[in-house]
Amino acid sequence: MAKNDKKTADKAADKPADKAAAKPASKSAAKPATKGTAIDIGIAASDRAAIAKGLNGLLADTFTLYLTTHNFHWNVTGPMFNTLHTMFMAQYTELWNAVDPIAERVRALGYPAIGSFADFAKASTLPDAPAQPPKAKEMIRILVTGHEAVARTARALFPLVDEASDEPSADLLTQRLDVHEKAAWMLRSLLEE
Ligand SMILES: [Fe+2]
């Protein structure tokens, strides 16, 4: 970078581009993670705060379902062992891979991604895994209701992201809905006689 260009860039960085955008959101549930640099991506600060809060809820649901599915992979017993042990592994791997893009979308919106058992327990709409491993069929039932619950959480966020023209979040939610509805169908099918 030429000396003069650098001077101009430094000067621009000192000055917030939009004073109004630099103001904290009044509806904000958590403090924005970015200090000093205004975020101006075309989504109102109050919308970014609300979407980030919703996505942190989806993150908590997804992590809880991931952990329950991995738990069931370890603890499943009975004649369906091989099928379920393998199926649960594919599902927990997908869920594990999904938490990262959800968390990183929260960060791109300017907010901290939650990441502790205490915060996940507070924000999740899913119950924790049972203390005692249930029988295989009960595991399947728990996972069906889990996938359905995460789908409801993702779907409930749509009006907000639509209204804010937050296409990346809408795209992410669409992908997650597809995965959870498909997983719920496959698990549900195992319960049919
Ligand atoms: Fe394993």
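Residues numbered from 1 in each chain as written. Predicted model: local features only at pLDDT ≥ 70, side-chain atom pairs only at ≥ 80, totals over all residues.

A. Main features of the overall build of the protein chain. Counting its regular elements, the protein chain contains eight helices and zero strands. Its helices and strands in sequence order give the protein chain the pattern α-α-α-α-α-α-α-α, from N to C terminus. Classification of the 193 residues of the protein chain by burial places 33% in the buried group. Sequence separation of 24 or more characterises 71% of the internal contacts of the protein chain that already satisfy a separation of 6 or more. (Helix = DSSP H or I, 4+ residues; strand = E, 2+ residues; numbered from the N terminus. Buried ≥ 20, exposed ≤ 12 C-beta atoms within 10 Å, placed from the backbone. Contact = placed C-beta atoms within 7 Å.)

B. How the structure looks around the confidence of the model for the protein chain. On average, the protein chain scores 87 in pLDDT, and the residues at 70 or more come to 82%. Every residue in residues 1-29 is under pLDDT 50, and counting partners more than four places away or in other chains gives 24 contacts. (pLDDT = per-residue confidence, 0-100.)

C. Main features of the packing of helix H3 (residues 45-75) against helix H6 (residues 136-156). Two numbers describe how H3 lies on H6: the axes approach to 10 Å, and their chain directions differ by 165°. In terms of their interaxial angle, H3 and H6 are classed as roughly antiparallel. When you trace H3 past H6, the crossing you get is left-handed. On H6, the residues that touch Gly57, Leu58, Asp61, Thr62, Leu65, Thr68, Thr69 and Phe72 of H3 are Met139, Ile142, Leu143, Gly146, His147, Ala149, Val150, Thr153 and Ala154. Looking at the contact of H3 with H6 residue by residue, the class counts come to nine nonpolar, seven polar and one charged. (Axes fitted to C-alpha atoms, helices over the stretch in contact; angles between N-to-C directions. Parallel < 35°, antiparallel > 145°, perpendicular 65-115°, else oblique. Left-handed = near helix turned anticlockwise from the far one by under 90°. Nonpolar A, V, L, I, M, F, W, Y, C, P; charged D, E, K, R; others polar.)

D. Representation of H3 in the model. Helix length check: H3, at 31 residues, gives a terminal C-alpha distance of 45 Å against a target of 45 Å (1.5 Å per residue), a fit within 8%. Taking burial as the measure, the 31 residues of H3 include 23 buried ones, the bulk of the element. (Expected span 1.5 Å × (residues − 1).)

E. Molecular detail of helix H8 (residues 167-190). For H8, with 24 residues, the first-to-last C-alpha span of 35 Å sits near the 34 Å given by 1.5 Å per residue. Looking only at H8, the buried set comprises Ser169, Leu172, Leu173, Arg176, His180, Ala183 and Leu187. Of the surrounding elements, those touching the buried residues of H8 are H3, helix H4 (81-108), H6 and helix H7 (158-163).

F. Molecular detail of the nonpolar core. The biggest cluster of nonpolar side chains holds 42 residues, and the ones touching the most others in it are Ala52, Leu55, Leu59, Ile102, Val106 and Met139. Those elements that provide at least two residues to this core are H3, H4, H6 and H8. Among the elements that line this core, the one with the most residues is H3, at 13 residues. Every residue in contact with Ile102, bar those within four places of it in the chain, is listed here: Leu55, Leu58, Leu59, Thr62 and Leu172. (Core = buried A, V, L, I, M, F, W, Y, C linked by C-beta atoms within 7 Å.)

G. The arrangement of the environment of Asp128 in detail. Looking at the secondary structure, you find Asp128 in the loop between helix H5 (117-123) and H6. For Asp128 and Leu65, which are 63 residues apart along the polypeptide, the C-alpha to C-alpha distance reads 8.4 Å. When near neighbours in sequence (up to four residues on either side) are disregarded, Asp128 contacts Thr64 and Ala121.

H. Quick look at the environment of Ile142. Checked against the element boundaries, Ile142 lands in helix H6. For Ile142, a count of 20 C-beta atoms within 10 Å translates into the label buried. Once the C-alpha coordinates of Ile142 and Thr68 are considered, the two residues, 74 residues apart in sequence, prove to be 8.9 Å apart. Residues contacting Ile142, with those up to four places away along its chain left out, are Thr68 and Pro134.

I. Structural context of the packing of H3 against H4. Running from N to C, H3 and H4 point in directions that differ by 160°, and their axes come no closer than 8 Å. Considered as vectors, H3 and H4 are oriented roughly antiparallel to each other. Two packed elements cross with a definite hand, and for H3 against H4 that hand is left-handed. Grouping the amino acids of the contact of H3 with H4 by side-chain chemistry returns 18 nonpolar, seven polar and one charged.

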